[in-house]
Amino acid sequence: PNTQKAMKRLIIWAAETNPNALKARITAQYVGVELKSAENFKMRVTNKTPEFLEKNPYGLVPVLETPDGPLFESNTVARYVARVGSSKEFYGTSIYETALIDQWMDVARSIDPAVTSWLYPFFGFLPMDDASKRGKDDLINKWLPPVENHLKKRSWFVGDRVTLADTVFFGAMFQAMKYGMDPEIRKKFPAITEWFDRCLSEVNFKKVYKEFNYCNAPRIDMIRR
């Protein structure tokens, strides 16, 4: 009964294409959960209002409004959606498999600072300084090589199907693939790129994000200007 109640009214507060919100939006497609978007949401406006800050005092997105109260932190929101959904496999079929999914979700969360440090200065969200180069170096030299080795041996992060690990990691890699990882960088990570392509070809991913253009060499310069 509680699951049925939760599925009746779930409202997500975030822009439609916010990469952190993509985690929950795509997950919802796989597990049969309807997420309603908060009306007239505007980033850096709505999330600064008293109404929003009551739901998340940090002012970050996404926030999920549930019958029992609000939830924030993107991985927490995605986990909640997976749990209230109808799929019995999406968040693991055993304790160990669920732990593996959590493991890769934690890695995805760990790469967020590298991605934001690298790219946010080009968006004007952070000052342009040495932190951007360090973020790029951390992502390419520290975090992604083990992921590349893992995906060389399999199509998906855990098991032989899409799981919560894939939808969450897709959200974590979205901006890097779209704005930062140009063809030369992607050549170093063919397995990650092939996995990302597989995600983009999935019907449930397409329902949420219909078009995607990979980064090419000039795009960062264009953003910076």
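What you see is a predicted model; the values in this text were computed from it and never measured.

(A) Spatial organisation of helix H6 (residues 130-151). Its 22 residues place the ends of H6 31 Å apart at the C-alpha level, agreeing with the 32 Å of an ideal helix rising 1.5 Å per residue. Maximum bend of H6: about 50°, positioned at Leu144, with proline Pro145 one to four residues after it. Close packing links the buried residues of H6 with helix H5 (95-123), helix H7 (164-180), helix H8 (183-187) and helix H9 (190-201).

(B) Expanded view of the packing of aromatic side chains. Within the structure shown, the criterion is met by 23 aromatic pairs. Ring geometry for Phe157 and Trp195: centres 5.2 Å apart, planes at 85°, overall edge-to-face. Taken together, the positions of Phe157 in the loop between H6 and H7 and Trp195 in helix H9 put the pair 38 residues apart, joining distant regions of the chain. This pair shows no difference in class: Phe157 is buried, exactly as Trp195 is. Taking 6.4 Å as the distance between ring centres and 65° as the angle between the ring planes, the aromatic pair formed by Tyr209 and Phe212 counts as edge-to-face. The class for Phe212 is buried, based on a relative accessible area of 15%.

(C) Here's a closer look at the confidence of the model for the chain. Summary statistics for the chain give a mean pLDDT of 92 and a share of 93% for residues scoring 70 or more. Between residues 221-225, whose pLDDT stays under 50, and residues either more than four places distant or in other chains, the model counts five contacts.

(D) Examining H5 more closely. Taking 1.5 Å per residue, 29 residues should reach 42 Å; H5 reaches 41 Å between its end C-alpha atoms and fits that length. At Thr116, H5 shows its largest bend, some 35°. Following H5 by one or two positions, Gly124 has its phi on the positive side, about 85°.

(E) Structural view of the pairing of strand S4 (residues 69-72). Direction of pairing for strand S3 (residues 63-66) relative to S4: antiparallel, over a ladder of four bridges. Residue pairing in the sheet places Glu65 in a bridge with Pro70 of S4. Where S3 folds back onto S4 in an antiparallel hairpin, the turn is made up of two residues.

(F) Looking closely at the packing of H5 against H7. Viewed as axis vectors pointing N to C, H5 and H7 meet at an angle of 20°, and their least axial separation amounts to 9 Å. In terms of orientation, H5 and H7 fall into the roughly parallel class. Regarding H5 and H7, the two cross each other, and that crossing is left-handed. Between H5 and H7, the contacting residues are Ile101, Trp104, Met105, Val107, Ala108, Ile111, Asp112, Val115, Trp118, Leu119, Tyr120 and Phe123 on the first element and Leu164, Ala165, Val168, Phe169, Ala172, Met173, Gln175, Ala176, Tyr179 and Gly180 on the second.

(G) Looking closely at the packing of H7 against H9. One way to put it is that H7 packs onto H9 with a least axis distance of 11 Å and a crossing angle of 110°. As judged from the angle between their axes, H7 and H9 are roughly perpendicular. H7 and H9 meet at a crossing whose hand is left-handed. Residues Asp166, Phe169, Phe170, Met173, Phe174 and Met177 of H7 touch H9, and the partners they reach there are Ile192, Thr193, Trp195, Phe196, Cys199 and Leu200.

(H) Region of the structure containing the environment of Pro70. Inspection of the secondary structure puts Pro70 in strand S4. Residues Pro70 and Thr17, spaced 53 residues apart in sequence, show a C-alpha to C-alpha distance of 21 Å. Those residues in contact with Pro70, other than ones at most four positions away along the chain, are Lys55, Val63, Leu64 and Glu65.

(I) Summary view of the pattern of salt bridges. Across all of its chains, the model carries eleven salt bridges by this definition. Residue Lys187 pairs with Glu184 through a salt bridge whose shortest N-O separation is 3.3 Å. Residue Lys187 and its partner Glu184 are located together in helix H8, separated by three residues, close to a single helical turn. When sorted by exposure, Lys187 lands in the same class as Glu184, which is exposed. Each of the salt bridges in this network shares a partner with another, and the network as a whole consists of Arg9, Lys55 and Glu65.

Rules and cut-offs
Numbers given to residues run from 1 along each chain, matching the order in which its sequence is written. Totals for whole chains, interfaces and linings use every residue, but because this is a predicted model, local features are given only for residues with pLDDT of at least 70 and side-chain atom pairs only at 80 or more, for both listing and counting. Water and hydrogen atoms were dropped before computing side-chain values, which therefore reflect all heavy atoms in the structure. Every helix listed is a DSSP run of H or I at least four residues long, and every strand listed is a run of E at least two residues long, numbered separately from the N terminus. To estimate how far a helix should extend, the number of its residues minus one is multiplied by 1.5 Å. Note that bend, as reported per residue, equals the angle between axes fitted to the 7 residues terminating at that residue and the 7 residues originating from it. In this description, contact between two residues means that some pair of their heavy atoms is separated by no more than 4.5 Å. Only Phe, Tyr and Trp rings are paired, with Trp represented by its six-membered ring, and only when their centres lie within 6.5 Å; those with planes under 30 degrees apart are stacked, over 60 edge-to-face, the remainder tilted. Only protein chains enter the accessibility calculation, which uses a 1.4 Å probe. A residue is then buried if its area is under 20% of the maximum for its type, exposed if over 50%, and partly exposed in between. Residue-level confidence of the predictor is what pLDDT reports, using numbers from 0 through 100. Two strands are counted as paired when DSSP detects at least two bridges linking them. Between N-to-C directions, angles span 0 to 180 degrees; the directions come from axes that are lines fitted to C-alpha atoms, helices contributing only their stretch in contact. Any angle that is under 35 degrees is reported as roughly parallel, and any over 145 degrees as roughly antiparallel; angles of 65 to 115 degrees are reported as roughly perpendicular and all others as oblique. By convention, the crossing between two helices is left-handed when the near helix turns anticlockwise from the far helix through less than a right angle, and right-handed when the turn is clockwise. Any Lys or Arg side-chain nitrogen found within 4 Å of a carboxyl oxygen on Asp or Glu counts as a salt bridge.

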